Structures are given as structure tokens and as C-alpha cells.
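Below are the chains, spelled out letter by letter.
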Amino acid sequence: MARGGPGGFDVNALMKQAQQMQQQMQQAQEQLKQETVEASAGGGMVKVTMGGDLTLREISIDPEAIDPEEAEMLAEMVQAAVNEGLRAAQKLADSKMGGITGGLGGMGLPGM
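Rules used throughout
- Residues numbered from 1 in each chain as written.
- Predicted model: local features only at pLDDT ≥ 70, side-chain atom pairs only at ≥ 80, totals over all residues.
- Heavy atoms only, no water.
- Pairing = 2+ DSSP bridges.
- Helix = DSSP H or I, 4+ residues; strand = E, 2+ residues; numbered from the N terminus.
- Axes fitted to C-alpha atoms, helices over the stretch in contact; angles between N-to-C directions.
- Salt bridge = Lys/Arg side-chain N within 4 Å of Asp/Glu carboxyl O.
- Buried < 20%, exposed > 50% of the residue type's maximum accessible area, 1.4 Å probe, protein only.

Undergrad: For this particular structure, what's the right way to read the sheet that holds strand 3 (residues 56–61)?
TA: Note: strands within a sheet are paired through backbone hydrogen bonds, in either parallel or antiparallel orientation. Read across the open sheet, the 3 strands follow the order 1-2-3; overall the sheet is antiparallel. The strands lining the two open edges of the sheet, one partner per strand, are strand 1 (36–41) and strand 3. Neighbouring strand axes in the sheet, compared pairwise and without regard to direction, differ in orientation by 15 degrees on average. Taken together, the 5 bridges between strand 2 (residues 46–51) and strand 3 define a ladder with antiparallel strand orientation. Bridge assignment links Met50 to a residue of strand 3, and that residue is Leu56.

Undergrad: How should the pattern of salt bridges be read in this particular structure?
TA: One side chain can pair with another of opposite charge once the charged atoms of both are near each other. Inspection of the entire model under this criterion finds 4 salt bridges. In this structure, Asp53 engages Arg57 in a salt bridge whose closest nitrogen and oxygen atoms are separated by 3.1 Å. Classification of Asp53 as partly exposed rests on a relative accessible area of 31%. For Arg57, a relative accessible area of 38% gives the class partly exposed. The partner of Glu84 in a salt bridge is Arg87, with the nearest N and O atoms 3.2 Å apart. Separated by 3 residues within a single helix, Glu84 and Arg87 lie in helix 2 (residues 71–101), roughly one turn from each other. Judged by relative accessible area, Glu84 falls into the partly exposed class, the value being 35%.

Okay, structure coming up:
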């Protein structure tokens, strides 16, 4: 079996590189599960902790933010904090994964 394809293209080397990339991505995903980011809204009255794997780990609400007549405002602060936490967690994940894929976005390969 010829190692090189058209123009000297080495399919075996490409497959080996893809397997290494997949292993690195799996390791990065496991590391992301251990990392967290924090975000807040309402001047710190609502705080969230997000996992690097984009999971909501904790919501903290200052008791002063709990006013029955301002429930809608509290809901908006929670939503804003969660959305900011998601953005921060996604940025963390992108920074970890982007170095592995070289900005290729997984090349459309399954599991990448």
C-alpha cells in the first residue's frame, strides 16, 4: 500500500495527526470540567459560577435583591448574570480548544 497519495499526500500521517488532536481535545474537555468562571449582575447582587464545560454550578443572590415587588428585576439580573457567565465559560472553552484545532473548528470531523 502506498503511503503517499496524489502530490505526496500522506494519509497515514493525517490520520495520526487527527487521532492526536482528538486525544488533546478530550483532555482539554476534561480540564474544562474542573475550571470555573464567575459573572455578576446588578452591581454584584446576583452572582453565578459556570463550569468550563458550560454548566451552571452556582447562583448566589444577595438578600437585599429579594423584593417581592421587584421580582421581574431580580429575574432580569439572574438572566443577565447567567448569560455573562455563559459567555465567559465559552470564551474559556474556545481558548482551550482553539489552540488544539488551530482555529479549524473541528474540521467537521465527528468527535472533534
